[in-house]
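Fold and geometry: a report
Chain by chain, the residues:
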Amino acid sequence: MTVPVFLSEELDGPELTLGGPEGRHAASVRRLRPGERVDLTDGAGRVAECVVREVLKDALTLDVLRRHEVDPPQPRLVVVQGLPKGDRGELAVEMMTEAGVDAIVPWAAARSIAQWKGDKVAKGLHRWRSTAREAGKQARRFHLPEIAEPATTAQVGRLLAGAALGLVLHEEAAEPLSGVVLPASGDIVMVVGPEGGVSEEELAGFRAAGAVPVLLGPTVLRTSTAGVAAASVLLSRTGRW
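Rules behind the numbers
- Residues numbered from 1 in each chain as written.
- Predicted model: local features only at pLDDT ≥ 70, side-chain atom pairs only at ≥ 80, totals over all residues.
- Heavy atoms only, no water.
- Helix = DSSP H or I, 4+ residues; strand = E, 2+ residues; numbered from the N terminus.
- Expected span 1.5 Å × (residues − 1).
- Contact = heavy atoms within 4.5 Å.
- Phe/Tyr/Trp six-rings, centres within 6.5 Å; stacked < 30°, edge-to-face > 60°.
- Buried < 20%, exposed > 50% of the residue type's maximum accessible area, 1.4 Å probe, protein only.

Once that is clear, we can look at helix α3 (residues 119-138). Its 20 residues place the ends of α3 29 Å apart at the C-alpha level, agreeing with the 28 Å of an ideal helix rising 1.5 Å per residue. Where the residues of α3 are buried, they touch β1 (5-7), α1 (20-29), β6 (76-82), α2 (88-99), β7 (103-107) and β8 (146-147). Looking one or two residues past α3, Arg140 carries a phi angle of roughly 55°, positive in sign.

See below:
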């Protein structure tokens, strides 16, 4: 049975108490029992391997077996995700988190149907971050992905310019993603357009920032699945998978 993972900021000491929402979930929903194994992480690489000592109404008391720290993977994969419509954004975040993407940047592209404005920004970020947190625990990730603040097209251009490698998925690109030379370290920043795709003006600006347009395959994928498909290619080719 896979050892469940819970988030906790407190990882020091021979004994730990898992309380709050995580503790309630462990005790009331997962119904963990004394003697069962759990892992606690701060989501930034620190891990405490524990065994349940006692189950309370909405918390667990734990004995720590050992602690260790997981190094962040290299190269780092950052996906700039054009805002999809409906709940497809959460689907994209969930799948990319499970695959191993290290950071996801929401992008209000020119052709994005969905727009985060006013209070929609905070609500959208909350949904994406909650999705990433839960998917990360399910996938036993000890480095949770960063869900960045929404970026403008100019900010995306600067992100590409500072990357070890910048890529833009585009259906008219000549170079396949599977053939691009990848760096051993640093950031690989990959842009995934919205339902309407990346505009010619956006593509020109990203090219000027040093990004390479790449073709994912012979079919056109939805924006919610293109990111995880491309991430799978890159993570496999870098040796992270």
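Back to the write-up after that little detour.
Enumeration over the complete set of coordinates arrives at two aromatic pairs. Centroid distance Trp116 to Trp128: 5.1 Å. Interplanar angle 75°. Geometry classified as edge-to-face. Placement of Trp116 in the loop between β7 and α3 and of Trp128 in helix α3 is noted, with a sequence separation of twelve residues between them. Owing to a relative accessible area of 1%, Trp128 belongs among the buried residues under this scheme.

Let us look at unusual backbone geometry. Each neighbour pair has its own omega, and for Gln74 with Pro75 the value is -10°, a cis peptide bond. Of note, Pro75 is situated in the loop between β5 (60-69) and β6. One non-glycine residue, Arg31, lies in the positive phi region at around 50°. By the secondary structure assignment, Arg31 is in the loop between α1 and β3 (37-41). In this structure, Arg140 takes a positive phi of about 55° despite not being glycine. Note on placement: Arg140 falls in the loop between α3 and β8.

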